[in-house]
Amino acid sequence: MSTKTEKYKRNIFLGIIIIALGITFTTTMKDSVGAFGIVFIAIGGLFFIIGMSQKRKGKENKNK
């Protein structure tokens, strides 16, 4: 049985995963891909913000 998760949940989860990868790159591989980790953190934060915005808009539409 396949259940499709809501789009905002996927974006939030993807953001968290990308942020975690960015933190890992920044701390453990500082010499080789440290700057790449900072970019991952920024992109993950963007996905997290997009997901939270979609969640808020979905709740507003439900209340109308």
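Residues numbered from 1 in each chain as written. Predicted model: local features only at pLDDT ≥ 70, side-chain atom pairs only at ≥ 80, totals over all residues. Heavy atoms only, no water.

Colleague: Sorry, what's going on with the packing of aromatic side chains here?
Modeller: Each aromatic ring pair is characterised by the separation of its centres together with the angle its planes make. For the structure on display, the rule yields three aromatic pairs. Centre to centre, the rings of Phe25 and Phe40 are 5.4 Å apart; their planes meet at 55 degrees, and the pair counts as tilted. With Phe25 in helix α1 (residues 7-28) and Phe40 in helix α2 (residues 30-63), this pair connects stretches of sequence that are 15 residues apart. Residue Phe25 shares its accessibility class with Phe40, and that shared class is buried. With centroids separated by 4.7 Å and ring planes inclined at 50 degrees, the aromatic side chains of Phe36 and Phe40 adopt a geometry described as tilted. Taken together, the positions of Phe36 and Phe40, both in helix α2 and four residues apart, correspond to about one turn of that helix. Feature note: the residues Phe25, Phe36 and Phe40 constitute an aromatic cluster, connected by ring pairs. (Phe/Tyr/Trp six-rings, centres within 6.5 Å; stacked < 30°, edge-to-face > 60°. Helix = DSSP H or I, 4+ residues; strand = E, 2+ residues; numbered from the N terminus. Buried < 20%, exposed > 50% of the residue type's maximum accessible area, 1.4 Å probe, protein only.)

Colleague: Please clarify how a nonpolar patch on the surface should be interpreted in this entry.
Modeller: A contiguous nonpolar patch, built from Phe13, Ile17 and Leu21 and spanning about 290 Å² of accessible area, is present on the exposed surface. Within the element layout of this structure, Phe13 appears in helix α1. (Patch = residues over 30% accessible without salt bridge, like charges linked within 9 Å, V, L, I, M, F, W, Y side chains within 5 Å. Areas by Shrake-Rupley, 256 points an atom, 1.4 Å probe, with all protein chains shown as cover. Salt bridge = Lys/Arg side-chain N within 4 Å of Asp/Glu carboxyl O.)

Colleague: So what exactly am I meant to see when it comes to a positive patch on the surface here?
Modeller: A cluster of basic residues, Lys9, Lys55, Lys59 and Lys62, forms a positive patch at the surface. Its location among the elements puts Lys62 in helix α2. On the basis of relative accessible area, Lys62 is assigned to the exposed category, the value being 73%. (Lys, Arg positive; Asp, Glu negative; His and termini not counted. Charge placed at Lys NZ, Arg CZ, Asp CG, Glu CD.)

Colleague: Honestly, the pattern of salt bridges in this entry has me stumped. Any pointers?
Modeller: A side chain with one charge can pair with a side chain of the opposite charge if their charged atoms come near. Within the structure shown, the criterion is met by one salt bridge. Between Glu60 and Arg56 there is a salt bridge, with its nearest N and O atoms 3.4 Å apart. In this pair, Glu60 and Arg56 are both assigned in helix α2, four residues apart and thus about one turn of the helix distant.

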